[in-house]
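Okay, here's what each chain looks like letter by letter:
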Amino acid sequence: MLLRLFTLCILLWGVSLPALAQPELPELPQAMLDTLYLEGENHTHVSEAYRYYTEPFSVAPSPERADSLWRAGAFQTGVWHRALNLGFLHQRVWLRIAVANTSPQRSRYVWSIYNFTDSATLYSRTQPGGPFRQVASSSWALASQRTFPSRAVGLPFVLEAGQRAVLYLRVDHYAGALYLPTYIETTEQSLAAEVEAPFVRHWIWLLGFYVSSAFFNLVLFAFLRDRIHIWYVLYVLCVTLFLLMEDGFDAWVLPAGFYRLIWSVGQFNLMLLAAACGVRIMQLFLRLRAGWPRLYRAGNWIAGTAVVFVGVYAVVFPLAIRAGITYPAVLNAAREALLLLVFAYGWVVLLNVLLSRRRQLAAYYALTYLFFFIGFILFWLNHLGLTNFSLVKPNALAWGLVLELVVLSALLTGRFRHTLRQNEKLRIRQLRQRNAQSARLIAAQEEERVQLARELHDALGPNLAALHMAWQGPAMREALASSAAAMAVAHHTELLLRHLRDEVRTYSHTLLPVQPGAGTLAESVAALGELHNMYGNPTVRTYCGAGLEQLAASIQQAAYRIAAELLNNAIRHSRATEVSVQLLRHPAELEILVEDNGQGFAEPTAGSGIGLRGVRARTDYLRGQVYIDSSPHGTSIVVRIPC
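Calculation rules
- Residues numbered from 1 in each chain as written.
- Predicted model: local features only at pLDDT ≥ 70, side-chain atom pairs only at ≥ 80, totals over all residues.
- Heavy atoms only, no water.
- Phe/Tyr/Trp six-rings, centres within 6.5 Å; stacked < 30°, edge-to-face > 60°.
- Buried < 20%, exposed > 50% of the residue type's maximum accessible area, 1.4 Å probe, protein only.
- Disulfide = S-S within 2.5 Å.
- Core = buried A, V, L, I, M, F, W, Y, C linked by side-chain atoms within 4.5 Å.
- Helix = DSSP H or I, 4+ residues; strand = E, 2+ residues; numbered from the N terminus.
- Contact = heavy atoms within 4.5 Å.
- Pairing = 2+ DSSP bridges.
- Axes fitted to C-alpha atoms, helices over the stretch in contact; angles between N-to-C directions.

1. Re the packing of aromatic side chains
Scanning the entire structure with this criterion turns up 14 aromatic pairs. Considering the side-chain rings of Phe209 and Tyr210, the 6.2 Å spacing of their centres and the 65 degrees angle between planes classify their relative orientation as edge-to-face. Phe209 sits in the partly exposed class, given a relative accessible area of 22%. Counting every residue linked through ring pairs, the aromatic cluster contains Tyr53, Trp70, Phe75, Phe132 and Tyr168.

The following block contains the structure:
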């Protein structure tokens, strides 16, 4: 279904492109007008009366020479009701027109060029053989700094009531694209059109759409860190600047430094940069790096070459103009070749992916690329002078970009949702792996504790007991009876042996986990308290609530370890006389509370001890929480574990 839709779009594009690129022209009149009659509401198209002539930039510009060439028949007519479009031509252009003021009063007019020009000069003569008056302007100046303040290059002139004049317009432009939409109207009409232009041409909401689209993708990038959204933002920025430059609004809205910077880069080079960003978006969306590494590397080379070329062009082009017109022509030709290469690469990629297993992904993207390609081909054919389709009045490029961004935003939103699902699956898989690793680690620790407890209880314990008995034997007592000092040492040694034996027994019982059938959690905690109470201070009190035996075995085991570790810490470090251990089961959690009346922690939240770090690790694994309240009068530690 998607492939059929894509094929239908291609066919529609093939049928509609000739109609768009070569619109039907009205019949030419029998003869061109020899004079353009100006009035208050002037609707006569300039192409009905102007003639043009081109000459090399090496020739010194002279209106007298242009006038003599006109008389010699060197000037020719342009296309009827179409802007003068000479395409890829590096020459100076002269336009001649005879005008007459039909208004009953003195009127001010302006001849406007609605495209960027390096310089434009208007020569006007009101008497045959008389001197020429001239006024000059340039698109390099901001709109407010031009001879006539407007987004177009406006060249004003004044005619008295009924007065006639001959106008010669000289245009010098070195970018290799002589497309000159012009219009003559009163200054009042021109200023009114400037005020209405943002609304008539829908730039108020178009610019808002472009900015919001870019901002939306910045938000997506903040969530996903997916570089495709950064390339999208750069693409929108380049194309938006290109369209602002096409309509001339950049001269109104951009700061002077930035305005000169983007025109130093060049309008057509911004199109090249946008195409390079489009290549990166296509590569990432179609996942070329994994499936088509050669195409991916080729795209990187093409996009990188385009970016480097634009940088070199911006630096070298002003120098090339001074060196002669050949060098700018070579640079501009290289730019056109790169543009063609970029878009050819796009179709090669799409066709390769359409013929693969990822044809559905390519079909989705092909619709976006189709909008982009149609807009580009219309502009490029106009740019080369092969067609004369007006892109200014209908603002076709801006509307085409809207359609393209709508489709591309939908695709990237789908990609965003797909990536979120993939990230969620990855996060769950990593969480399961971490839990499995933690479970294996705890199991290994438990096994090691059991082995250590058995070694202490079965090996070291009996040996200590045997040593204690041997020390109390008759032979040892007879040997020590000869000296009172030896008897005192023997007494202290016996106490140490008894204490060491008891310590080993206590540790072995503490290390043993809760085993099913060997006693419940409550019984194990109570036995641990009784064991500590056998040896004097501190006094240990234990309390276990109901329902502990219904907990999962893993939670019971962890609870016993946590309670034993906290009790051991309190006995060894707090210097307390009383320690309380409580295990309470609540509807949603198990609470372990260990309190003492000792000296407290110097840094109650540091958790620098090994025992406390182990408690925190076990609690974190079970998604629980540890709360510590310590003061010089005692310490209270609460552990809550979900159950």
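Next, the rest of the story.
2. Let's talk about the state of the cysteines
Overall, the coordinates contain zero disulfides when judged by the stated rule. Just so you know, Cys277 is unpaired, no disulfide at all, and the nearest cysteine sulfur is the one on Cys238, 4.8 Å from it. Take Cys277: its relative accessible area is 6%, and that puts it in the buried class.

3. Considering the nonpolar core
In globular proteins that are soluble, nonpolar side chains generally tend to be buried together. Within the largest apolar cluster, 93 residues are counted, with the highest numbers of intra-cluster contacts made by Tyr210, Tyr235, Leu286, Tyr365 and Tyr369. Listing elements by their share of this core, those giving two or more residues are α4 (203-224), α5 (227-247), α7 (256-265), α8 (267-286), α10 (293-323), α11 (326-354), α12 (359-384) and α13 (396-471). Top contributing element to this core by residue count: α12, with 16 residues. Those residues in contact with Leu286 that sit more than four places away from it in its chain are Trp292, Val349, Leu350, Val353, Arg358, Leu361, Ala362 and Tyr365. Listed in part, the 31 residues of the second largest apolar core include Tyr560, Leu567, Leu590 and Ile628.

4. Considering the sheet that holds strand β15 (residues 589-596)
Through backbone hydrogen bonds, the strands of a sheet pair up, either in parallel or in antiparallel fashion. Ordered in space as β13-β14-β15-β17-β16, the five strands form an open sheet in which the pairing is mixed. A single partner strand is all that each edge strand has here, and the edge strands are β13 (539-544) and β16 (625-631). Neighbouring strand axes in the sheet, compared pairwise and without regard to direction, differ in orientation by 10 degrees on average. The pairing of β15 with strand β17 (residues 634-642) spans eight bridges and is classified as antiparallel. By the bridge assignment for β17, Asp596 is matched with Thr635. Sitting on the sheet, helix α16 (residues 521-533) touches β13 and β14 (578-585), and the angle it makes with β13 is about 170 degrees. Where helix α17 (residues 553-573) meets the sheet, its contacts fall on β13, β14, β15 and β17, and the angle it forms with β15 comes to roughly 10 degrees.

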